[in-house]
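This is what each chain is made of:
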Amino acid sequence: MLSKKPVRAASFGKLKSTVSVLINFAEVNREVRAMANENLDMDKRPTPDPAENNAFFPSRYSLSQYTSPKSNLSGADYPNPYREGKWKVLMIGADERYLLMKNGTMFSTGNHPLEMLLPMYHMTKAGFDCDVATVSGNPVKLELWAFPKEDMEVQGVYQKYLPQLKSPRKLSDVIKNDLGANSKYIAVFIPGGHGAIVGIPHSEEVKQVLKWAMANDKFVITLCHGPACLLSAAIGESKDNYIYKGYKVCVFPDALDLKNPDIGYMPGPMPWLVAEELRKLGAEVVNDDMTGRTHQDRKLISGDSPLASNNIGKAAAQALLKEVGQAS
């Protein structure tokens, strides 16, 4: 039977106070969540680049997902490096800073530091120094917002090659003076970063270098968006004459490039997609995700993303050592 004992006014007052606190707490929680969501939205907005009209760096949120103060550099111990000094690697860097997106914005880009410097570190440690060139002869552009600032090994190789990155050779001069049957270059290295799709895929000079590499059985090493360079080999050619038709290649997944604007990594949709264009020409893209995968098809060594930077460095160094008869 229910008690008919009256409830004192003080108890009602206490209950009312507790309910009021809970309501206020819920309101504060809603405000905190709203502020957090607002901050997250702000963090996903591309960061303006004041050096150019309507240009942007990646958002803070995307950089938190895609960059790290240290790289995954490892395995660069080559007990039997090449020491004769004859063979070198020709590195073709990006010389354009801005990529025009479909919506009219500009993505402030260049070569990704890891995709350039980790492979260079491995090849240099294996005994193969690099000569740096760009299509224009203008300085190499780097996405320094992705630089692993706490990584002393990467900092060291950057400083080693910085004079060449600032004052590279003009690619047409390299073609005129240093390519041929007796060239000193054992390989051509074209790193990634979205800057690699500006100019390089449409360059007659890059086409000449790739055709020289194919004709003289030289290595081509490239990763992430760098394989866009292979499109240059199709300039003025029929699809049947495309020298990389049937080649298997790793490349940055188109699906991720389609999603990157959602997190503010890029300020708008890509003007075109690398894997899609390679497939149109008859190349076989062997990956559809980003896992650090590399692949070698004949003398073409490719990788899928920044995650592949260390792996492709090791693969390239080992392939070059094997080529000169000094595989460890």
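Each remark here, short or long, concerns the structure printed above.
So, a few notes on the structure that sits alongside this text. (Residues numbered from 1 in each chain as written. Predicted model: local features only at pLDDT ≥ 70, side-chain atom pairs only at ≥ 80, totals over all residues. Heavy atoms only, no water.)

To continue, consider the side chain of Ser71. Looking at the secondary structure, you find Ser71 in the loop between helix H2 (60-66) and strand E3 (88-92). A polar atom in the side chain of Ser71 sits 3.1 Å from the backbone nitrogen of Leu73. Discounting residues that sit within four places of it in the chain, Ser71 has contacts with Leu114, Leu118, Pro148, Asp151 and Val154. (Helix = DSSP H or I, 4+ residues; strand = E, 2+ residues; numbered from the N terminus. Polar contact = N/O pair within 3.5 Å; in protein donor to acceptor, adjacent residues only side chain to side chain. Contact = heavy atoms within 4.5 Å.)

Once that is clear, we can look at the sheet that holds strand E13 (residues 300-303). Across the sheet, seven strands lie side by side as E7-E6-E3-E8-E9-E13-E12; this open sheet has mixed pairing. The sheet terminates laterally at strand E7 (169-170) and strand E12 (294-297), the two strands that pair on one side only. As defined by bridge partners, E3 adjoins strand E6 (residues 130-134) across four bridges and the pair is classed as parallel. Bridging across to E6, Met91 finds its partner in Val132. Contacts between helix H9 (residues 309-323) and the sheet are confined to E3, strand E8 (185-190), strand E9 (219-223), E12 and E13, with E9 contributing the most and set at about 175 degrees to the helix. (Pairing = 2+ DSSP bridges. Axes fitted to C-alpha atoms, helices over the stretch in contact; angles between N-to-C directions.)

The next thing to look at is the packing of aromatic side chains. By the definition in use, this model includes eight aromatic pairs. Centroid distance Phe107 to Trp145: 6.5 Å. Interplanar angle 35 degrees. Geometry classified as tilted. On the criterion of sequence distance, the pair formed by Phe107 in strand E5 (residues 106-108) and Trp145 in the loop between E6 and helix H4 (152-166) is long-range, its members being 38 residues apart. We note that Phe107, like Trp145, is buried. Summarising the aromatic geometry, the rings of Trp145 and Tyr265 are spaced 5.9 Å apart at their centres and angled 85 degrees between planes, so their arrangement reads as edge-to-face. Taken as a pair, Trp145 in the loop between E6 and H4 and Tyr265 in the loop between helix H7 (254-259) and helix H8 (274-281) lie far apart in primary sequence, 120 residues in all. Given the relative accessible area of 18%, Trp145 is considered buried. Through a chain of ring-to-ring contacts, three or more aromatic side chains come together here, namely Tyr66, Phe107, Trp145 and Tyr265. (Phe/Tyr/Trp six-rings, centres within 6.5 Å; stacked < 30°, edge-to-face > 60°. Buried < 20%, exposed > 50% of the residue type's maximum accessible area, 1.4 Å probe, protein only.)

Right, let's get into the sheet that holds strand E2 (residues 55-57). The strands making up a sheet associate through backbone hydrogen bonding, with each pair oriented either parallel or antiparallel. The four strands are arranged E1-E2-E5-E4 in an open sheet whose pairing can be described as mixed. Each of the sheet's edge strands pairs with one partner strand only, and the pair in question is strand E1 (47-48) and strand E4 (98-100).

This model, assessed by the stated rule, comprises 13 salt bridges. Here Arg169 ties to Asp178 by a salt bridge, and the two come within 2.7 Å at their closest N and O atoms. Asp178 sits in the buried class, given a relative accessible area of 18%. One salt bridge in this structure joins Lys245 and Asp240, with 3.5 Å as the shortest N-O distance. Its relative accessible area of 42% is what places Lys245 among the partly exposed residues. Overall, the relative accessible area of 63% leaves Asp240 in the exposed class. Each of Lys88, Asp131 and Lys184 takes part in one network of salt bridges that share partners. (Salt bridge = Lys/Arg side-chain N within 4 Å of Asp/Glu carboxyl O.)

Worth remembering: the numbers are spatial, not functional.
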